[in-house]
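Results of the structural survey
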Amino acid sequence: MNRTARAFWLSAPGKGEIREVALPEPGEGDVLVRSLYSGVSRGTETLVFRGGVPESQHAAMRAPFQEGNFPAPVKYGYLSVGVVEQGPDALAGRTVFCLYPHQTRYVVPASAVTVVPDTVPAARAVLAGTVETAVNALWDAAPLVGDRIAVVGGGMVGCSVAALLARFPGVRLQLVDADPSRAEVAGSLGVAFASPEDALGDCDLVVHASASEQGLARSLELLRPEGTVLELSWYGDRQVAVPLGEAFHSRRLVIRSSQVGTVSPARAGRSYADRLALALDLLADPALDALVTGESPFEELPEVLPKLASGRIPALCHRVRYPDAP
């Protein structure tokens, strides 16, 4: 077999390059995957790209197949879809999702890949990692039929959460964002949109995903007494002020964190594999294509990632296309 591949590496904060890498010989129980697509999660990956992972979180932020260490040089990423070229009969020729960085081909244990259902196009399956985050958030939040809910922050995670909440019966749901262009995405997902100043209050639940102090403060303002903010934002190395004065205590408000690194205790008995398989099943909905807002060839990643990090390319999920993609 061809024993080399090409991989994207962050060589220094703010600078990436394509490197040739050696592939190990697949062992018994391994698979060789040829990449079709990968996804850039604009929030987390651009934080890594600019060198913004705090030292205290270097271990917690490691991706499953990361090479190198923060801040750089490091090979980072976790939204890869490809075809199994070599491996157990049950997987050979199947399209699979893997939490692997941006690389043309790779060898991993068969247990590290999840088969993409036939109902889900490979190009959409790059969203599996983010929809998995949304699944875990809703396991933590445990919304009820008829709840009044706002999702503050229309990025990739916020939109994924809103897309799943839109399936709940009887909820009053708004996606809230300061960027009016997010209204189009919300419409594609079947979700009402509002600017922060026009958002409806008296919410039972607010899911906060804007990664901003202003968004968190507005989330608390939108709650009813004893309501809950589920905090999904990852702030990296930034210090964030939380408005705990005024009526925070008298209204008995709750701020609760959610983190995709552990399966929600509310779903005891469910594994990471269960959660990812559920996320892939949910991706059968073509409305979720609205979360992919750009695409570029793999070879252009060194030029594209700085533009994503600076906002010159506005994006939710930016898809990376490999030479053998359909």
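Residues numbered from 1 in each chain as written. Predicted model: local features only at pLDDT ≥ 70, side-chain atom pairs only at ≥ 80, totals over all residues. Heavy atoms only, no water.

**Considering the packing of helix H3 (residues 128-141) against helix H7 (residues 272-282)**
- Look at H3 against H7: their axes get within 8 Å of each other, and the N-to-C directions meet at 110°. It follows that H3 is roughly perpendicular to H7 by the angle criterion. Considering how the two elements wind past one another, H3 and H7 form a crossing that is right-handed. Listed contacts from H7 to Ala128, Val131, Glu132, Val135, Asn136 and Trp139 of H3 are Tyr272, Arg275, Leu276, Leu278, Ala279, Leu280 and Leu282.
- Among the residues making up the contact of H3 with H7, the classes are represented as 10 nonpolar, 1 polar and 2 charged. (Axes fitted to C-alpha atoms, helices over the stretch in contact; angles between N-to-C directions. Helix = DSSP H or I, 4+ residues; strand = E, 2+ residues; numbered from the N terminus. Parallel < 35°, antiparallel > 145°, perpendicular 65-115°, else oblique. Left-handed = near helix turned anticlockwise from the far one by under 90°. Contact = heavy atoms within 4.5 Å. Nonpolar A, V, L, I, M, F, W, Y, C, P; charged D, E, K, R; others polar.)

**Notes on a nonpolar patch on the surface**
- A grouping of Val242, Leu244 and Ile255 is seen on the molecular surface, where their side chains present a nonpolar patch of about 210 Å² in accessible area.
- Tracing the backbone shows Val242 in the loop between strand S14 (223-231) and strand S15 (254-257). (Patch = residues over 30% accessible without salt bridge, like charges linked within 9 Å, V, L, I, M, F, W, Y side chains within 5 Å. Areas by Shrake-Rupley, 256 points an atom, 1.4 Å probe, with all protein chains shown as cover. Salt bridge = Lys/Arg side-chain N within 4 Å of Asp/Glu carboxyl O.)

**Quick notes on the pattern of salt bridges**
- Scanning the model with the defined rule gives 18 salt bridges in all.
- Across the pair Lys75 and Glu67 runs a salt bridge whose closest N-O atoms are separated by 2.8 Å.
- Lys75 sits in the buried class, given a relative accessible area of 1%.
- Two residues, Arg105 and Glu85, come together in a salt bridge whose shortest N-O distance is 3.2 Å. (Buried < 20%, exposed > 50% of the residue type's maximum accessible area, 1.4 Å probe, protein only.)

**Details of the side chain of Thr130**
- For Thr130, the position within the fold is in helix H3.
- By relative accessible area, which is 4% here, Thr130 ends up buried.

**Let's talk about the packing of aromatic side chains**
- Applying the stated criterion across every chain, the model contains 5 aromatic pairs.
- Here the aromatic rings of Phe65 and Tyr100 are separated by 5.4 Å at their centres, their planes lie at 35°, and the arrangement is tilted. Of this pair, Phe65 sits in the loop between helix H1 (42-49) and strand S4 (67-68) while Tyr100 sits in the loop between strand S7 (95-98) and strand S8 (105-109); the two residues are 35 residues apart in sequence, bridging distant segments of the chain.
- Looking at Tyr100, the relative accessible area reads 7%, which means it is buried.
- Arranged with centres 6.0 Å apart and planes meeting at 85°, the rings of Tyr76 and Tyr78 form a pair that is edge-to-face. Of the two residues, Tyr76 and Tyr78, both sit in the buried class.
- Ring pairing ties together the aromatic residues Phe65, Tyr100 and Tyr106, which thus form one cluster. (Phe/Tyr/Trp six-rings, centres within 6.5 Å; stacked < 30°, edge-to-face > 60°.)

**Some remarks on the environment of Gly27**
- On the secondary structure map, Gly27 appears in the loop between strand S2 (15-22) and strand S3 (30-41).
- When its relative accessible area of 34% is taken as the criterion, Gly27 is described as partly exposed.
- Residues Gly27 and Pro109 lie 82 residues apart in sequence; the distance between their C-alpha atoms is 8.5 Å.

**Examining the nonpolar core**
- Among the nonpolar cores identified, the biggest contains 76 residues, and Leu127, Val161 and Leu189 are the most heavily contacted of them.
- Sort the elements by how many residues they give to this core and H3 lands first, with 8 residues.
- If we skip the residues at most four places from it in the chain, Leu189 touches Cys159, Ala163, Ala166, Ala287, Leu288, Ala290 and Leu291.
- Core analysis: the second largest hydrophobic core is formed by 15 residues, Val152, Ala194, Cys203 and Leu220 among them. (Core = buried A, V, L, I, M, F, W, Y, C linked by side-chain atoms within 4.5 Å.)

**Examining the sheet that holds S15**
- With parallel pairing, the 6 strands of this open sheet are ordered in space as S12-S11-S10-S13-S14-S15. Strands with a single pairing partner mark the edges of an open sheet, and in this sheet they are strand S12 (192-194) and S15. Strand-to-strand twist in this sheet, taken as the mean axis angle between neighbours without regard to direction, amounts to 25°.
- Two elements, strand S13 (residues 203-208) and S14, share 5 bridges in a ladder whose sense is parallel. Residue pairing across strands places His208 opposite Glu231, the latter belonging to S14.
- Across the sheet, helix H6 (residues 213-221) touches strand S10 (148-152), S13, S14 and S15, and the angle it forms with S14 is around 145°. (Pairing = 2+ DSSP bridges.)

**Notes on the packing of H1 against helix H8 (residues 301-310)**
- Contact geometry of H1 with H8 gives a least axis separation of 9 Å together with a crossing angle of 110°. As far as their axial angle goes, H8 and H1 are roughly perpendicular. Contact with H1, carried on its side by Arg42, Thr46 and Phe49, involves Leu305, Pro306, Leu308 and Ala309 of H8 and no other residues of that element.

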